[in-house]
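# Inside the fold
The lines below spell out each chain.
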Amino acid sequence: MTITSAGSASSGCATSSASPARASYYWRRTAPARAARQTIEDGLVERIRTVHQHSDGTYGAPRITAELRDEGIRINHKRVARIMRAIRLEGVRLRRRHRTTVADQEASKAPDFDWP
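The following refers to the structure shown. Because the structure is predicted, anything quoted here is derived from the model rather than measured. (Residues numbered from 1 in each chain as written. Predicted model: local features only at pLDDT ≥ 70, side-chain atom pairs only at ≥ 80, totals over all residues. Heavy atoms only, no water.)

## Observations regarding the overall build of the protein
From N to C terminus, the protein includes four helices and two strands. Along the protein, helices and strands appear, N-terminal first, in the series β-β-α-α-α-α. Here the protein, with 116 residues, has 16% of them falling under the buried criterion. In the protein, 49% of the contacts between residues at least 6 apart in sequence involve partners at least 24 apart. Accessible surface, the protein as shown: approximately 10,500 Å² in total, 52% of it carbon and sulfur. (Helix = DSSP H or I, 4+ residues; strand = E, 2+ residues; numbered from the N terminus. Buried < 20%, exposed > 50% of the residue type's maximum accessible area, 1.4 Å probe, protein only. Contact = heavy atoms within 4.5 Å. Areas by Shrake-Rupley, 256 points an atom, 1.4 Å probe, with all protein chains shown as cover.)

Following this line, the structure appears as structure tokens:
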């Protein structure tokens, strides 16, 4: 840290104006990779839609991932889930019925509820 003649302290670090330039450098540098990834994902969108339609709209990300892997496509379930969210596809969630109390059929009824 250096002290100027005006008495203010300044560090040897670059100012905040250098930060956007650095970010844009890396953004531009990775642009071809992003474009290639987007092209691949555009093809996956159509394949995911097809698998989802063949399942009558019931398959979610895990099952679609399994189907794509069976076809030889290397893909992660997180990527499938992200693409499905982007194109607003959802699988069907089955609700399980929970029976919290199982009545004993042979037990006598409580006297308070013994109706004539």
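Now that the structure has been shown, we can carry on.
## Thoughts on the environment of leucine 94
With respect to the helices and strands, leucine 94 occurs in the segment after helix H4 (77–86). Between the C-alpha atom of leucine 94 and that of threonine 58, which follows or precedes it by 36 residues, the distance is 9.7 Å.

## As for H4
Residues spaced three or four apart along an α-helix face the same direction, because each turn holds 3.6 residues. Buried residues of H4: Val80, Ile83 and Met84, and no others. Down the axis, H4 shows its buried residues gathered within 100° of arc, on one side only. Among the exposed residues of H4, those pointing more than 90 degrees away from its buried face are Lys78, Arg85 and Ala86. Where H4 is buried, its residues contact helix H2 (31–54) and helix H3 (61–70). Where H4 begins, one side-chain oxygen reaches toward the backbone nitrogen of lysine 78, 3.2 Å away; that side chain belongs to asparagine 76. A positive phi of about 60° marks arginine 88, the residue just after H4. (Arc of directions from axis to C-beta. Polar contact = N/O pair within 3.5 Å; in protein donor to acceptor, adjacent residues only side chain to side chain.)

## Observations concerning the side chain of histidine 52
Residue placement: histidine 52 occurs in helix H2. Owing to a relative accessible area of 9%, histidine 52 belongs among the buried residues under this scheme. Only 2.9 Å separates the side chain of histidine 52 from the backbone oxygen of glutamate 90, close enough to count as a polar contact. Beyond its immediate sequence surroundings of up to four residues, histidine 52 is in contact with Gly57, Thr58, Tyr59, Ile64, Met84, Leu89, Glu90 and Gly91.

## As for the packing of aromatic side chains
Under the defined criterion, the tally for this structure stands at one aromatic pair. On the basis of an interplanar angle of 75° and a centroid distance of 5.0 Å, the ring pair of tyrosine 25 and tyrosine 26 is categorised as edge-to-face. Owing to a relative accessible area of 47%, tyrosine 25 belongs among the partly exposed residues under this scheme. A relative accessible area of 44% means that tyrosine 26 is categorised as partly exposed. (Phe/Tyr/Trp six-rings, centres within 6.5 Å; stacked < 30°, edge-to-face > 60°.)

## Some points on the layout of surface pockets
Its boundaries defined by the atoms lining it, the largest pocket holds a volume of some 160 Å³. Considering the residues around the largest pocket, the lining is formed by Thr58, Gly60, Ala61, Pro62, Ala81, Met84, Arg85, Leu89, Glu90, Gly91, Val92 and Arg93. At the level of secondary structure, the elements contributing two or more residues to the lining of the largest pocket comprise H3 and H4. It is H4 that contributes the most residues to the lining of the largest pocket, three residues altogether. Across the lining of the largest pocket, the residue classes break down as six nonpolar, three polar and three charged. (1 Å grid on protein atoms, 1.4 Å probe; cavity = no way out; pocket = protein on both sides within 12 Å on 5 of 7 lines; lining within 4 Å. Points joined across faces, edges and corners; volume = space filled by probe spheres on them. Nonpolar A, V, L, I, M, F, W, Y, C, P; charged D, E, K, R; others polar.)

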